[in-house]
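One-letter residues, chain by chain:
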Amino acid sequence: MGVVWLMWFDHSSNSGRLLLMLLAVIGVGIAVWRRCGDKGCGAALVRGWWHRRLWRENAGPLGLAGPDGQAGRVVSVVGDEWGTTSTYRLWPGQGPAAFEARAVELAHAMGVLTARVSSPGPGLVMVRYLTGDPLGAVSLRPWPLMSVARWQLGDAVPSGVGEDGRVVTVALWSSSVLLAGSPGSGKSATMWLLVLAAMLDPSVRLMAVDLKGGVELGLVASRAERLATTLDDAVAVIDDALVEVSGRYGVLRERGLRKVESGDPSMPPLVVVIDELAELTGTGSKESKAAGESLRRLVATGRAAGVTVIAATQKPSSDVVPTGLRDLFATRIGLRCGMRGQAETIAPEIAGELTKIPASQPGTAYVVDEGGSWQRFRAWYLTDDMVRQVASAAEAARS
Ligand SMILES: Nc1ncnc2c1ncn2[C@@H]1O[C@H](COP(=O)(O)OP(=O)(O)OP(=O)(O)O)[C@@H](O)[C@H]1O
Ligand SMILES: [Mg+2]
């Protein structure tokens, strides 16, 4: 073979040699591409090269370059069906906030729909470049608690799927949750996931307030020890929960404890669910104002006493959820808001994002945890039949 090659090298014309070399390069290229085609590394190479090139061209004009206009080092470029996730090393003195401030321009420069910025660790910034909306389609994966026989409130509730395809969970143990969004944004449907998870824990005591005449939460009637459908009843439920809290504080003092431990059978978790908070705290009446103040006390003091409040409102205005009340909720879930002002009330940090959620995507939401970071996700949706099915499994778990 080597002899043939040498003979050819000596005698063939220059153009023939070039053609043959070109064919060899193409052949090797195709072989490499096919060999790693399953793993997508051919596409990954092209994606990585193209991305780095765009990044080098745009970092300077976007004001994201370092000294001498140098673009930050690209640590990784990973593609998936919805776009590309790139991690960059930050320059000294640079923070993810600089990228966040230019996210819109960055998306345009990189030729994508949206750019979402986060920081995976010190000195690094991660940008998720989305060419489509991964949350546009309802998750076909079944809700993980759909077929479990029981659940423990101490475990966070799988509530939806994030843009990276990972399950987003919401903690309920001693952690109150506020859901807010325009009518039809998916508050009740998302709230049902949390309520059903609570119901699947046989030790949970449940109280419900549904001032839409009980139409939404009627299904919990057999499981809940209280279901209030009028303002007076609702005030009584919250007052009773407050009495329970002060009793528990007495026990804690006697035992020299600071908070109820998860799994303590003498003080089981108490979950108070309120659908349509505006009907309770936002009517402007004297009773409504008093109810708002009682609720504030319940959320503030309930935490250490094993009490969780799950409240939803379609009117997240300051009269319904004053800042003093809003900030007591450890978890806030912001769904689509038609008006900027309402989005500001629930989540000033990402108000603009809440107004951008399309009406065609109910259940799309942002959740903030105690760490203060917001995550976009699409909640699982259960049909009424599915809700009934889990509710009967919850009944069975108690018998
Ligand atoms: N996660 C979801 N995925 C797909 N569709 C959903 C989802 N959540 C809700 N929906 C659809 O949106 C409709 C309205 O949802 P839901 O009743 O939860 O809204 P809401 O915000 O509670 O409305 P309201 O303020 O009127 O009480 C549901 O009937 C369902 O068709
Ligand atoms: Mg509702």
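See the structure printed just above.
Enquirer: Would you mind going over helix 6 (residues 187-199) with me for this structure?
Expert: Given 3.6 residues per turn, any residue in an α-helix points the same way as the ones three and four places further on. The terminal C-alpha atoms of helix 6 lie 18 Å apart, and with 13 residues this matches the ideal 18 Å at 1.5 Å per residue to within 8%. Here helix 6 lies mainly inside the structure; 12 of its 13 residues are buried. Taken together, the buried positions of helix 6 are K187, S188, T190, M191, W192, L193, L194, V195, L196, A197, A198 and M199.

Enquirer: Looking at this structure, how should I read the site of ligand 1?
Expert: Residues in close proximity to ligand 1 total 17 residues, the closest being G184, K187, A189, K212 and Q314. Here an oxygen atom of ligand 1 and a side-chain polar atom of K212 are 2.8 Å apart. Considered on its own, ligand 1 offers 630 Å² of accessible surface; in the complex 74% of this is hidden by protein. Residue assignment for the shell around ligand 1 shows that the elements contributing at least two residues are helix 6 and strand 14 (374-379). Considering every element that reaches the shell around ligand 1, the biggest residue donor is helix 6, with three residues.

Enquirer: How should the packing of aromatic side chains be read in this particular structure?
Expert: Where two aromatic rings form a pair, the distance of their centres and the angle of their planes describe that pair. One pass over the full model with this rule turns up four aromatic pairs. Ring pairs connect the aromatic residues W55, Y88 and F99, which therefore count as one cluster.

Enquirer: I keep staring at the packing of helix 6 against helix 13 (residues 384-398) and nothing clicks. Help me out?
Expert: Pairs of packed helices are described in terms of their axes, by the angle between the two and the distance that separates them. Packing of helix 6 against helix 13 brings their axes to within 9 Å, and their N-to-C directions diverge by 20 degrees. Taken as axis vectors, helix 6 and helix 13 run roughly parallel relative to one another. Note on packing geometry: the crossing formed by helix 6 with helix 13 is left-handed. Note on element contacts: helix 13 touches helix 6 through V387, V390, A391 and A394, opposite W192, L196 and M199.

Enquirer: When you look at the sheet that holds strand 3 (residues 114-118) in this model, what are you seeing that I'm missing?
Expert: By way of backbone hydrogen bonds, the strands of a sheet pair with one another, either parallel or antiparallel. Spatial strand order, 1-2-4-3: four strands in an open sheet with antiparallel pairing. Each edge of the open sheet carries a strand with a single partner, namely strand 1 (74-80) and strand 3. In this sheet, neighbouring strand axes are inclined to one another by 15 degrees on average, regardless of whether the strands run parallel or antiparallel. When strand 1 meets strand 2 (residues 83-89), the two strands line up antiparallel, connected through six bridges. By the bridge assignment, V74 is partnered in strand 2 with Y88. Set on the sheet, helix 3 (residues 41-59) makes contact with strand 1, strand 2 and strand 4 (124-130); between it and strand 1 the angle comes to about 125 degrees.

Enquirer: I'm lost on the environment of W50 in this one. Help?
Expert: Structurally, W50 can be placed in helix 3. It is 9.8 Å that separates the C-alpha atoms of W50 and M110, two residues lying 60 residues apart in sequence.

Enquirer: Sorry, what's going on with the nonpolar core here?
Expert: Among soluble globular proteins, nonpolar side chains are generally buried collectively. In this structure, W143, L196, V220 and I333 are the most contacted members of the largest nonpolar core, which totals 44 residues. No other element matches helix 6, which puts nine residues into this core. Dropping the residues within four chain positions of it, L196 is found in contact with W143, L382, V387, V390 and A391. Counting 41 residues, the second-largest nonpolar core is a separate cluster that includes V272, L280, V307 and L354.

Enquirer: I'm lost on the environment of V390 in this one. Help?
Expert: When you line up the elements, V390 lands in helix 13. For the pair formed by V390 and K356, sequence separation is 34 residues and the distance between their alpha carbons is 33 Å. Setting aside anything within four residues of it in sequence, one finds V390 in contact with W143, M146, L196 and L200.

Enquirer: Help me out: how do you make sense of the environment of T323 in this one?
Expert: Tracing the backbone shows T323 in helix 10 (residues 323-326). Classification of T323 by relative accessible area gives partly exposed; the value is 45%. For the pair formed by T323 and I346, sequence separation is 23 residues and the distance between their alpha carbons is 8.6 Å.

Enquirer: Explain the pairing of strand 8 (residues 205-210) here, please?
Expert: Both faces of the sheet carry side chains from a regular strand, because those side chains alternate between them. Taking burial as the measure, the six residues of strand 8 include five buried ones, the bulk of the element. Examined bridge by bridge, strand 8 and strand 10 (residues 270-275) share six bridges and lie parallel to one another. Following the sheet pairing, V209 is matched in strand 10 by I274. Both strand 8 and strand 9 (residues 226-228) contribute to a ladder of three bridges, which runs parallel. Along strand 9, the bridge assignment pairs A208 with L227.

Calculation notes
- Residues numbered from 1 in each chain as written.
- Chains lettered and ligands numbered in written order.
- Predicted model: local features only at pLDDT ≥ 70, side-chain atom pairs only at ≥ 80, totals over all residues.
- Heavy atoms only, no water.
- Helix = DSSP H or I, 4+ residues; strand = E, 2+ residues; numbered from the N terminus.
- Expected span 1.5 Å × (residues − 1).
- Buried < 20%, exposed > 50% of the residue type's maximum accessible area, 1.4 Å probe, protein only.
- Near = heavy atom within 4 Å.
- Polar contact = N/O pair within 3.5 Å; in protein donor to acceptor, adjacent residues only side chain to side chain.
- Areas by Shrake-Rupley, 256 points an atom, 1.4 Å probe, with all protein chains shown as cover.
- Phe/Tyr/Trp six-rings, centres within 6.5 Å; stacked < 30°, edge-to-face > 60°.
- Axes fitted to C-alpha atoms, helices over the stretch in contact; angles between N-to-C directions.
- Parallel < 35°, antiparallel > 145°, perpendicular 65-115°, else oblique.
- Left-handed = near helix turned anticlockwise from the far one by under 90°.
- Contact = heavy atoms within 4.5 Å.
- Pairing = 2+ DSSP bridges.
- Core = buried A, V, L, I, M, F, W, Y, C linked by side-chain atoms within 4.5 Å.

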